[in-house]
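# Close look at the chain arrangement
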Amino acid sequence: MFHVLDHADVVYSGDLSQLTQYVTERYDKNLDEAIRSGIKIIYTDPRHSLSGIQQTKPAARFSNFWEPIEDWELD
């Protein structure tokens with residue numbers, strides 16, 4: 001399940017194709033442009049509640065997040 005956030009409020013929930021259509025109609029941007037412009041889009045596992053996404057994770061768990069990657073890894 002994907003959610004569009006406006007500040008801290010969920011303004012839309014749906015699957016990816018519905019979300020893409022909503023963002024395109026509402027913000028007049030494709031999904032990539034919307035994310036880059038600051039529109040928050042999150043994913044939650046439908047089997048869990050939305051409140052679970054508000055919990056933060058320790059930064060130590062993502063230690064390699066800022067490490068550079070090779071171009072071939074993006075393909």
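Just so you know, the residues in each chain are numbered from 1, in the order the chain's sequence is written. With pLDDT at 70 or above as the cut-off, local features in this predicted model cover only qualifying residues; side-chain atom pairs require 80 or more to be listed or tallied, and sums for whole chains, interfaces and linings still use all residues. As a rule here, side-chain values cover all heavy atoms of the structure and leave hydrogens and water aside.

### A short note on the sheet that holds strand 2 (residues 9–14)
- Strand pairing follows a simple DSSP-based rule, namely that at least 2 bridges must link the two strands. Secondary structure elements are defined from DSSP: runs of H or I of at least 4 residues count as helices, runs of E of at least 2 residues count as strands, and each element is numbered from the N terminus. Reading across the sheet, the three strands line up as 2-1-3 and stay open at both edges, with antiparallel pairing between neighbours. For this open sheet the edge positions go to strand 2 and strand 3 (40–43), each flanked by a neighbour on one side alone. Sheet twist, expressed as the mean angle between neighbouring strand axes with direction ignored, is 30°.
- In this structure, strand 1 (residues 2–6) lies alongside strand 2, joined through five bridges in antiparallel fashion. Looking across to strand 2, one finds that Leu5 is bridged to Val10. In this analysis, axes come from line fits to C-alpha atoms, helices being fitted only over the stretch in contact, and the angle between any two N-to-C directions falls in the range 0 to 180 degrees.

### A short note on unusual backbone geometry
- Positive phi, normally seen in glycine, also occurs at Asp28, with a value near 55°.
- Within the secondary structure, Asp28 sits in the loop between helix 1 (16–27) and helix 2 (31–36).
- Relative accessibility decides the category of a residue: with a 1.4 Å probe and only protein chains considered, values under 20% of the type maximum give buried, values over 50% give exposed, and everything between is partly exposed. Judged by relative accessible area, which is 69%, Asp28 ranks as exposed.

### Some details on the nonpolar core
- Residue types Ala, Val, Leu, Ile, Met, Phe, Trp, Tyr and Cys, when buried and joined through side-chain atoms within 4.5 Å, form a set referred to as a nonpolar core. Judged by nonpolar contacts, Val4, Leu19, Tyr22, Val23, Ala34 and Ile39 together constitute the single largest core of six residues.
- The leading source of residues in this core is helix 1, at three residues.

### As for the packing of aromatic side chains
- Note on aromatic contacts: the rings of Phe and Tyr and the six-membered ring of Trp form a pair at centre separations within 6.5 Å, being stacked when their planes are under 30 degrees apart, edge-to-face when over 60 apart, and tilted otherwise. The final tally for this structure, using the stated rule, is three aromatic pairs.
- A centroid spacing of 4.4 Å and a plane angle of 10° characterise the contact between Tyr12 and Tyr22, whose relative ring orientation is stacked. Taken as a pair, Tyr12 in strand 2 and Tyr22 in helix 1 lie far apart in primary sequence, ten residues in all.
- Exposure remark for Tyr12: the relative accessible area of 21% places this residue in the partly exposed category.
- Ring centres 6.4 Å apart and planes at 80° place the aromatic pair Tyr22 and Tyr27 in the edge-to-face group.
- Tyr22 gets classed as buried once you look at its relative accessible area, which sits at 18%.

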